[in-house]
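# Chain and residue survey
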Amino acid sequence: HWDGLRLEPIENPGRERAWWVFGTDADHVYVVGERGLGLERIARGQFVPFDTETKQTIYGIWGASPSRLYFASGDFIASEGRGRIHVRTSSGARAIDDADLAAFQGKAMFKVLGSCDDDVFAAGERGAVFHYDGSSWTKMSTPDARTPVLTLSGRSAMDVYAVGGRGTGALWHY
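We now turn to the structure provided with this report.

Following the sequence through the fold, Thr52 ends up in the loop between strand 4 (47–49) and strand 5 (57–65). Residue Thr52 is classed as buried on the basis of its relative accessible area, which comes to 2%. Here Gly36 takes part through its backbone oxygen, which lies 2.8 Å from a polar atom of the side chain of Thr52. Non-local contacts of Thr52, meaning those with residues more than four positions away in its chain, are made with Gly36, Leu37, Gly38, Ile58, Phe71 and Ala93.

And the structure:
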């Protein structure tokens, strides 16, 4: 917490390490992390846990509004572990069941970014970049299917940057 002079620590009510923080506005802030950690702060109060419906590490979260949040997870420990994209609505959280996402065999999805509920990107291992258009997820082409795509940034479907690599510093623009 910034008090105008310095950062003040905030108590983490979860017992797991946090990996990412995202806010839809000043009154709705979300923290995700290891073993399915999900925390939310509403109306500038304390952070409280929310059920993510996964025990995987959650590496990123994004949403156009508090009513629909997307998050990316993975599992590098389990032999059958595979990256997933999840959605949280007023009905709760669930892994997204989509044919293109189901074909993904990488161990982790790392980040999610969008401009609205029907313009969402997700990035992960093995050069994975997916786009959601409001009805289905589509795998986008990347120059290298072995390079992990670690994070995304942008302002619209026509202006998204992806970076990644294992010591190579790969950069893509969509």
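One can find Gly63 in strand 5. Sequence separation between Gly63 and Tyr30 is 33 residues; the distance between their C-alpha atoms is 10 Å. Other than its neighbours up to four places away in sequence, Gly63 contacts Phe22, Thr24, Arg68 and Leu69.

By way of backbone hydrogen bonds, the strands of a sheet pair with one another, either parallel or antiparallel. The three strands lie next to each other as 13-14-15, forming an open sheet whose pairing is antiparallel. Two strands lie at the open edges of the sheet, namely strand 13 (149–156) and strand 15 (170–173), each paired on one side alone. Strand-to-strand, the axes of this sheet are offset by a mean angle of 15°, without reference to chain direction. Where strand 13 meets strand 14 (residues 159–164), six bridges bridge the pair, whose relative direction is antiparallel.

So, on to the sheet that holds strand 5. Strand order in the open sheet formed by four strands is 5-6-7-8, with antiparallel pairing between adjacent strands. Unpaired on one side and paired on the other, strand 5 and strand 8 (92–95) mark the two borders of the sheet. Averaged over all neighbouring strand pairs, the angle between strand axes comes to 20°, with direction disregarded. Strand direction decides the pairing type here: strand 7 (residues 84–89) and strand 8, joined by four bridges, are antiparallel. Counted as the bridge partner of Thr89 is Gly92 from strand 8.

Here is what the cut-offs are and how they apply
- Residues numbered from 1 in each chain as written.
- Predicted model: local features only at pLDDT ≥ 70, side-chain atom pairs only at ≥ 80, totals over all residues.
- Heavy atoms only, no water.
- Helix = DSSP H or I, 4+ residues; strand = E, 2+ residues; numbered from the N terminus.
- Buried < 20%, exposed > 50% of the residue type's maximum accessible area, 1.4 Å probe, protein only.
- Polar contact = N/O pair within 3.5 Å; in protein donor to acceptor, adjacent residues only side chain to side chain.
- Contact = heavy atoms within 4.5 Å.
- Pairing = 2+ DSSP bridges.
- Axes fitted to C-alpha atoms, helices over the stretch in contact; angles between N-to-C directions.

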